[in-house]
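Tertiary structure, described
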Amino acid sequence: MTSSKTIRRLEVVSPVPADIDIANSVDPIPIAAIAEDLNLGSKHYDLYGKYKAKVLLSVLDDLQGSDDGYYVVVGGISPTPLGEGKSTTTVGLCQALGAFLDKKVVTCLRQPSQGPTFGIKGGAAGGGYSQVIPMDEFNLHLTGDIHAITAANNLLAAAIDTRIFHEASQSDKALFNRLCPPNKEGKRTFANVMFSRLQKLGISKTNPDELTPDEVKRFVRLDIDPDSITWRRVMDVNDRFLRKITVGQGAEEKGMIRETGFDISVASEIMAVLALTTSLAEMRDRLGRMVIGNSNAGEPITADDLGVGGALTVLMKDAINPTLMQTLEGTPVLVHAGPFANIAHGNSSIVADKIALKLVGKGGFVVTEAGFGSDIGTEKFMNIKCRYSGLVPQCAIIVATIRALKMHGGGPEVVAGKPLDRAYITENAALVEAGCVNLSRHISNTKAYGVNVVVAINKFVTDTDAEMNAVRTAALAAGAFDAVVCTHHAHGGKGAVDLGTAVQRACETQSQTLNFLYPLDIGIKEKIEAIAKSYGASGVEYSEQAEKQIKMYSKQGFSGLPICMAKTQYSFSHIPSQKGAPSGFVLPIRDVRASIGAGFIYPLVGTMSTMPGLPTRPCFFDIDIDIATGKVLGLS
């Protein structure tokens, strides 16, 4: 039960004001009070100002014997480019559970990238009267985790090019003398990080002076194949002109020019590592295992081969701790990690979920959000995140809107930034019914994991009762546990009470089982084909490059990893314009890549941009500051 001192009753107005205006109209509760309500002592968190705190992993040790609460994941149908309100639903549900249904609850959300915040999409704090506050801090620097990832990623990028440069210009002896210099007493030692490379090479010696000339050569020469390097630099800004660059054009690096590029920071494998790690020790191991490319002999080269795994962990040591915030109605939120939902798994962190489940305890609720539609986000939540965490959800929510269902039923194209066609704001129950084929497939796919499915229908002012009833009828016919109309955007937690009640019933009647879509001990292709089948594909077609990569990763011993499919979110198929529930198509795999430290193989279905571009009129046109009060204006 949430205490009355941290519950705030909202005074809602209609029409709903801009998100930032709502956020600015509320004075946040001091975060120490939110922490106290969760039974967090001062030793369990570090304050970052008045309204944010880092929750320390030590809380897991102190609560080791405590029962977990109920675990709920929020996914969605295949969305329109406008989004269907998954984050808003996640927040609104938690406000309902905590502020109206007297349940102990924690919301677990991803940290948003500044790229879309200043670009076309806007922030990700929820919306209307279901938001995380302070909204401006949530959407901007927060506690610096993404900056830490940017710094660590680019340190590794610098280490790669530097190592190639020095190996090209020095003899084996000179390299060895610099990598293992004698101390003041003339004695050489290996740095701790070097022992992982020695072990990899099968060298058990601990004294550098005992290495033979051949062992010295193998130790000092990574012999990186520049054409195989997959590690790119990152920055947390949408900058299309950095997608392809050349490095090494300085006078001192003449002759070392190579082509590379920038990704957005949240696409870094280090972000995926942060999201999937369960402890500081495991994060250190995962960071060290990240593969940046191959040697000319075809052997994978890791961050620890470059000697940088420990330094990366030092840069990430504070980022591993989730950030505690609050909703508009005073319920607690843990914000942590924000991996790309295409080339990564698009879910917030395991450690945040684990901490939250212990904090709410038996009968409490932890609600977390999965990226994009359930074919991408929920699938990866189950088969990647839950596989690594060992956690089992009791309920999966699928967020739907009349707007998106009409689009899937054959409605006109929906384009971000353009007014909606009249078809979306006038009653047409038949169009909604036709589009429910998309919802039905999402329900059946999600039910197959062994969880109860609740459909949350986000209601807009133009939606009618007949259209809502059509969705509810279709959802129940497809096997949903319940389907509930929600108005949390306009009314806050009060508008999601029915959803909260349905979720509670769904959790209380669910057994602790989880059916994975595929086992890990089958081949890469078999796993890909299992996922493709869930999309409705009749088969899979592999390019020559994909075949080559699958063969290489299998040879390198990585075939036992789960699969993280990089596919469009707008359709079950690989073609964004194919709406509804397409079937019988052949899924093309253009390339196959790997995030070995994070722990997954990611096939590319079509072209995936890892560095978005800015539109003609980015969101930053509206963002400014009130110089009298210091309040941020125009964030959306």
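Residues numbered from 1 in each chain as written. Predicted model: local features only at pLDDT ≥ 70, side-chain atom pairs only at ≥ 80, totals over all residues. Heavy atoms only, no water.

An unreviewed UniProt entry annotates the protein chain as Formate--tetrahydrofolate ligase of Musa troglodytarum. The UniProt entry for the protein chain carries the following comment under Subunit (unreviewed entry): "Homodimer." Quoted straight from UniProt, the Sequence similarities (unreviewed entry) entry for the protein chain says "Belongs to the formate--tetrahydrofolate ligase family." (UniProt positions renumbered as here; feature names shortened; annotations may be inferred.)

Among the nonpolar cores identified, the biggest contains 88 residues, and Leu 156 and Met 316 are the most heavily contacted of them. Dropping the residues within four chain positions of it, Leu 156 is found in contact with Trp 231, Met 290, Ile 292, Ala 303, Leu 306, Val 308 and Leu 312. Within the second largest apolar cluster, 25 residues are counted, among which are Val 540, Ala 546, Leu 561 and Phe 585. (Core = buried A, V, L, I, M, F, W, Y, C linked by side-chain atoms within 4.5 Å. Buried < 20%, exposed > 50% of the residue type's maximum accessible area, 1.4 Å probe, protein only. Contact = heavy atoms within 4.5 Å.)

Under the definition given, this model contains 29 salt bridges. Of the charged contacts, one joins Arg 188 and Asp 209 as a salt bridge, the two residues approaching to 3.1 Å between their closest N and O atoms. Of this pair, Arg 188 sits in the loop between α8 (172-179) and α9 (194-200) while Asp 209 sits in the loop between α9 and α10 (213-220); the two residues are 21 residues apart in sequence, bridging distant segments of the chain. The shortest N-O distance in the salt bridge between Arg 289 and Asp 285 comes to 2.9 Å. With Arg 289 and Asp 285 both in helix α12 (residues 280-289) and four residues apart, the pair spans about one turn of that helix. Among the charged side chains, a network of salt bridges with common partners joins Asp 161, Arg 233 and Arg 258. (Salt bridge = Lys/Arg side-chain N within 4 Å of Asp/Glu carboxyl O. Helix = DSSP H or I, 4+ residues; strand = E, 2+ residues; numbered from the N terminus.)

Take unusual backbone geometry next. Pro 15 follows Ser 14 through a cis peptide bond whose omega is 0 degrees. On the secondary structure map, Pro 15 appears in the segment before α1 (19-24). You will see that Asn 39, though not glycine, has its phi angle at about 65 degrees, which is positive. Structurally, Asn 39 can be placed in the loop between α2 (31-37) and β1 (45-47). Within the chain, Asp 102 stands out as a residue other than glycine whose phi angle is a positive 55 degrees. Position of Asp 102 among the secondary structure elements: in the loop between α4 (86-100) and β4 (105-109). Here Asp 102 falls in the partly exposed class, since its relative accessible area comes to 42%.

Moving on, we get to the pairing of strand β18 (residues 482-486). Along β18, four of the five residues are buried, which leaves the element largely enclosed by surrounding structure. Bridge count between strand β17 (residues 452-458) and β18: five bridges; the pairing is parallel. Bridge pairing links Ala 456 to Val 484 in β18. On the question of chirality, the crossover connecting β17 to the parallel β18 by way of helix α18 (residues 465-477) is right-handed. (Pairing = 2+ DSSP bridges. Right-handed = clockwise from strand over helix to strand, strands pointing away.)

On to the environment of Gly 144. Take Gly 144: it is sitting in the loop between α6 (135-139) and α7 (145-169). Using a relative accessible area of 22% as the deciding quantity, one classes Gly 144 as partly exposed. For the pair formed by Gly 144 and Asp 318, sequence separation is 174 residues and the distance between their alpha carbons is 9.0 Å.

For helix α22 (residues 544-555), built from twelve residues, the straight-helix expectation of 16 Å at 1.5 Å per residue is met to within 8% by its first-to-last C-alpha distance of 17 Å. Within the span of α22, buried status applies to Ala 546, Gln 549, Ile 550 and Tyr 553. Taken end-on, α22 shows its buried residues confined to a sector of 100 degrees, consistent with a single buried face. When the buried face of α22 is taken as reference, the exposed residues oriented beyond 90 degrees from it are Glu 544, Lys 548, Lys 551 and Lys 555. If you follow the buried residues of α22, they end up packed against α21 (524-535), β19 (539-542), β20 (586-589), β21 (591-595) and β22 (600-604). Positive phi shows up at Gly 557, right after α22, with a value of about 90 degrees. (Expected span 1.5 Å × (residues − 1). Arc of directions from axis to C-beta.)

At a minimum axis distance of 9 Å, the contact between α8 and α10 shows a crossing angle of 70 degrees. In this view, α8 runs roughly perpendicular relative to α10, as classed from their interaxial angle. Along this stretch, α8 crosses α10, giving a crossing that reads as left-handed. Judged by residue contacts, Asp 172, Leu 175, Phe 176 and Leu 179 of α8 engage Val 216, Lys 217, Phe 219 and Val 220 from α10. Residues of the contact of α8 with α10, tallied by class, amount to six nonpolar, no polar and two charged. (Axes fitted to C-alpha atoms, helices over the stretch in contact; angles between N-to-C directions. Parallel < 35°, antiparallel > 145°, perpendicular 65-115°, else oblique. Left-handed = near helix turned anticlockwise from the far one by under 90°. Nonpolar A, V, L, I, M, F, W, Y, C, P; charged D, E, K, R; others polar.)

The next point concerns the packing of helix α14 (residues 350-360) against helix α15 (residues 377-389). The interhelical angle for the contact between α14 and α15, taken along N-to-C directions, is 60 degrees, at an axis separation of 10 Å. Relative to α15, the element α14 is oriented oblique. Here α14 runs over α15; the crossing is right-handed. Judged by residue contacts, Ile 350, Asp 353 and Lys 354 of α14 engage Lys 385, Tyr 388 and Ser 389 from α15. When its residues are assigned to classes, the contact of α14 with α15 shows two nonpolar, one polar and three charged.

The subject of this paragraph is the side chain of Asp 591. Its location among the elements puts Asp 591 in strand β21. In terms of polar contacts, Asp 591 uses its side chain to reach the side chain of Gln 545, at 3.4 Å. Looking at Asp 591, its side chain comes within polar contact range of the side chain of Arg 593, at 3.4 Å. Discounting residues that sit within four places of it in the chain, Asp 591 has contacts with Ser 543, Gln 545, Ala 546, Gln 549, Tyr 602, Pro 603 and Leu 604. (Polar contact = N/O pair within 3.5 Å; in protein donor to acceptor, adjacent residues only side chain to side chain.)

All chains considered together, the criterion is met by seven aromatic pairs. Pairing Tyr 70 with Phe 365 gives two aromatic rings, centres 5.2 Å apart and planes at 45 degrees, and the pair type is tilted. Placement of the pair is Tyr 70 in strand β3 (residues 70-76) and Phe 365 in strand β15 (residues 365-369), with a sequence separation of 295 residues. Relative to Phe 219, the ring of Phe 190 has its centre 5.5 Å away and its plane inclined at 70 degrees; by these criteria the two rings are edge-to-face. Taken as a pair, Phe 190 in the loop between α8 and α9 and Phe 219 in helix α10 lie far apart in primary sequence, 29 residues in all. A relative accessible area of 4% means that Phe 219 is categorised as buried. Here the aromatic cluster, defined as three or more aromatic residues joined through ring pairs, consists of Phe 176, Phe 190, Phe 195 and Phe 219. The ring of Phe 516 carries the charged tip of Arg 387 above its face, separated from the ring centre by 4.1 Å. The lysine or arginine in question, Arg 441, covers the ring of Phe 572, its NZ or CZ lying 5.0 Å from the ring centre. (Phe/Tyr/Trp six-rings, centres within 6.5 Å; stacked < 30°, edge-to-face > 60°. Lys NZ or Arg CZ within 6 Å of the ring centre and 35° of its normal.)

Next up on the list: helix α17 (residues 429-447). The terminal C-alpha atoms of α17 lie 26 Å apart, and with 19 residues this matches the ideal 27 Å at 1.5 Å per residue to within 8%. The sharpest bend along α17 comes to roughly 35 degrees, located at Gly 435. Those residues of α17 not exposed but buried are Leu 431, Val 432, Gly 435, Cys 436, Asn 438, Leu 439, Arg 441, His 442, Ile 443 and Thr 446. (Bend = angle between axes of the 7 residues up to and from the residue.)

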